[in-house]
Number of protein chains: 2
Amino acid sequence: MMSNHEIPKDHPRYVSLTIRDAIISGMHQKVVAEAGLIAHGRGEAFDYLLGEKTPDFAIKQEEYAVLSILNAEKPIISVNGNVAALCPEDTVNFGKILNAPLEINLFYRSPEREQAIKKKLIDAGADQILGLDPEYQETIPEISHLRRIVDSRGIAASDCVFVPLEDGDRTQALRRMNKSVVTVDLNPLSRTSLTANVSVTNNIIRAIPEMITIAEEFTQLSKDQLIEKLKKYNNENLLKNALKFMSERLMALSSSDKLII
Amino acid sequence: MMSNHEIPKDHPRYVSLTIRDAIISGMHQKVVAEAGLIAHGRGEAFDYLLGEKTPDFAIKQEEYAVLSILNAEKPIISVNGNVAALCPEDTVNFGKILNAPLEINLFYRSPEREQAIKKKLIDAGADQILGLDPEYQETIPEISHLRRIVDSRGIAASDCVFVPLEDGDRTQALRRMNKSVVTVDLNPLSRTSLTANVSVTNNIIRAIPEMITIAEEFTQLSKDQLIEKLKKYNNENLLKNALKFMSERLMALSSSDKLII
């Protein structure tokens, strides 16, 4: 198995291969579920369609996401294995800037995975991790599987949940609970992207650092300014821009004289 | 972990979930490498763009693939872990109809994986598996990694290699060895698709059964008829059709009133 230090920095696919390495290591550390590897591959494919960089529409989506979280009374960040494996430090820093606690909430829940993810986040500088203390665990009927266990201080009490790399069932359940849902998902046609209030169609590796920069600016705004700014964005239109961007990129490639990547 | 029998047959994503299950089981059986799960995910994403069914251009690619293999003097089928996990019976049957032996050739090579894949193919009805007998192993400098070990009766002696789900380095190496390369790869922009002589942009689960049906028809043709038919196809144009198909599908979705999958 190729490990991180063996990928030369000048390799044209250095970033992608390093991330792939982090996901596979994450599985070895029990942080990432097996199905998380397949989900990561789906993301890689959509990132190819973006050209593996952040397009303009995604910056707008990221602004919308930050504004929505900033505008919430009690925002929470729901962390799963892939997020913890891919960008633990950025996720922790994002939570601190936005004053949003982190909660671990998993599809494939096991005490071993919970502790592995908690360790990853604590090592990345997190102070408190919600979701694991039985004293505060609530069961909500709207969510199936073991993910129905949520923290009474976290997701249960929140008005806005940032759930990057989430699946569609969960996103729909959170919406049914009248929570505002913000996600990062490279597939603009996933049920998550289509169901969330705000969908960021970008690689989380780029999205969260960009959202931190945006947050540093937007935390200076007054409540009125936030609300005024929020009016400018429309999730469905931005998703259509994402589809259009991917479509035009494929079309440009298909009409070029010689196919190249 | 969800296993096969738990997926209800009327689930809208039954086929996709069953295949996903086969890949994860394949990893447990040591047939599929960890990176094979990520590769499978990439394929899933491109299959979404096809609408998870075989478009017309892909049928043409499949005809071209079958004709190329039929026209070869010594064709060989190179099998890796994902192929063995996803469609062992179809691969074995395809080899029998086209009179092409199977050779195991792996990126992540280990005796354990080789034996697990061999068992999978033998259980699926294969008579002989090339690639594992040290007596016939040759090392070819054009291919890096452990995949440079090929069978003197198989890939080394072949004029046409059918290598579904292959990576770009290997495809390029086989081309440098002046072999005709036929592949199945859902990403029309992968180096494999762009480097192969014939690329089938389709899910292997659909492609091989369709190619068996095509082969049953084309094995009736004379050599002259084969050569005449072969002139009608152009790999680059077909790949451009694939890109155009995906692009138009995304564009249609982006312009619909209400986004739906």
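Within each chain, residue numbers correspond to sequence positions counted from 1 in written order. Going through the entries in the order they are written, you letter the chains from A and number the ligands from 1. With pLDDT at 70 or above as the cut-off, local features in this predicted model cover only qualifying residues; side-chain atom pairs require 80 or more to be listed or tallied, and sums for whole chains, interfaces and linings still use all residues. As a rule here, side-chain values cover all heavy atoms of the structure and leave hydrogens and water aside.

1. What to know about the layout of surface pockets
All names here are of chain A. Heads up, the condition is: Grid points spaced at 1 Å over the protein atoms alone were grouped into cavities, where a 1.4 Å probe fits but cannot get out, and pockets, open sets with protein on both sides within 12 Å along at least five of seven lines, with lining residues defined by an atom within 4 Å of a point. Grid points are joined across faces, edges and corners, and a volume is the space filled by probe spheres set on the points. Residue polarity follows a fixed list, in which Ala, Val, Leu, Ile, Met, Phe, Trp, Tyr, Cys and Pro are nonpolar, Asp, Glu, Lys and Arg are charged, and the others, Gly among them, are polar.
Its volume calculated, the second largest pocket comes out at about 320 Å³. Taken together, 15 residues make up the lining of the second largest pocket; nearest its centre are M27, K30, V32, A33 and E34. Classifying every residue of the lining of the second largest pocket gives six nonpolar, three polar and six charged.

2. Section: the domain arrangement of chain A
All names here are of chain A. What counts, and what does not: Domains are outlined according to an automatic or database domain assignment. Any two residues having at least one pair of non-hydrogen atoms within 4.5 Å are treated as being in contact. Summed over both partners, the accessible surface that disappears when two parts come together, traced with a 1.4 Å probe, is what is meant by buried area. Any Lys or Arg side-chain nitrogen found within 4 Å of a carboxyl oxygen on Asp or Glu counts as a salt bridge.
Domain boundaries assigned for chain A yield domain 1 (4-50) and domain 2 (56-235). Computed over C-alpha atoms, the centres of domain 1 and domain 2 are 21 Å apart. Counting residues at the interface gives 16 residues for domain 1, matched by 20 residues for domain 2. Both faces considered, domain 1 and domain 2 share a buried interface measuring about 1400 Å² in area, 67% of it formed by carbon and sulfur atoms. At the boundary of domain 1 and domain 2, one finds one salt bridge.

3. Considering the relation of the copies chain B and chain A
Here is the rule: Alignment of the copies relies on least squares applied to C-alpha atoms, considering only residues that score at least 70 for pLDDT in both.
When chain B is fitted onto chain A, the two copies agree to an RMSD of 0.0 Å after a turn of 180 degrees and an axial shift of 0.0 Å. Within this description, the copies of the chain are treated as partners about a two-fold rotation axis. Of the interface residues in chain B, 100% have counterparts in chain A that sit at the interface too, so the contact is made through matching surfaces.

4. Brief notes about the pairing of strand β7 (residues 180-184) of chain A
All names here are of chain A. Heads up, the rule is: Only protein chains enter the area calculation, which uses a 1.4 Å probe; residues under 20% of their type maximum are buried, those over 50% are exposed, and those in between are partly exposed. Strands here are runs of E lasting at least two residues and helices are runs of H or I lasting at least four, both read from the DSSP assignment and numbered beginning at the N terminus. Two strands make a pair as long as DSSP finds a minimum of two bridges between them. When the strands point away from the viewer, a crossover counts as right-handed if the path from the first strand over the helix to the second runs clockwise.
A large share of β7 lies buried, amounting to four of its five residues. The pairing of strand β6 (residues 160-162) with β7 spans three bridges and is classified as parallel. When the bridges of β7 are listed, F162 appears paired with V182. Of the crossover connections in this fold, the one passing from β6 over helix α7 (residues 168-176) to the parallel β7 is right-handed. Pairing geometry for β7 and strand β8 (residues 198-200), over three bridges, is parallel. Paired with V182 across the two strands is V198, which belongs to β8.

5. Section: the environment of A:P101
Residue and element names in this part refer to chain A. Topologically, P101 is positioned in the loop between α5 (88-98) and β2 (102-104). The sequence separation of P101 and K53 amounts to 48 residues, and the corresponding C-alpha distance is 29 Å. Ignoring anything within four residues of it in the chain, the contact list for P101 reads P75, I76, I77 and L130.

6. Details of the interface of chain B and chain A
Rules: Within 3.5 Å is the distance limit for a polar contact, defined as a pair of N or O atoms, with the added protein rule that one can donate a hydrogen and the other accept it, and that residues adjacent in sequence qualify only through two side-chain atoms.
Taken together, the 43 residues of chain B in the interface contact 43 residues of chain A. Carbon and sulfur atoms supply 73% of the area that chain B and chain A bury against each other, a total of about 3800 Å² over both sides. Summed over the shared surface of chain B and chain A, the number is two salt bridges. Note that B:E44 and A:R42 form a salt bridge whose closest N and O atoms lie 2.5 Å from each other. Linking chain B with chain A are seven residue pairs in polar contact (both at pLDDT 80 or more). Mapped by element, the contributors of at least two residues to the side of chain B that touches chain A are α1 (14-28), α2 (34-50), α8 (191-195) and α11 (235-255) of chain B. A class-by-class count of the residues in the side of chain B that touches chain A yields 24 nonpolar, eight polar and 11 charged.

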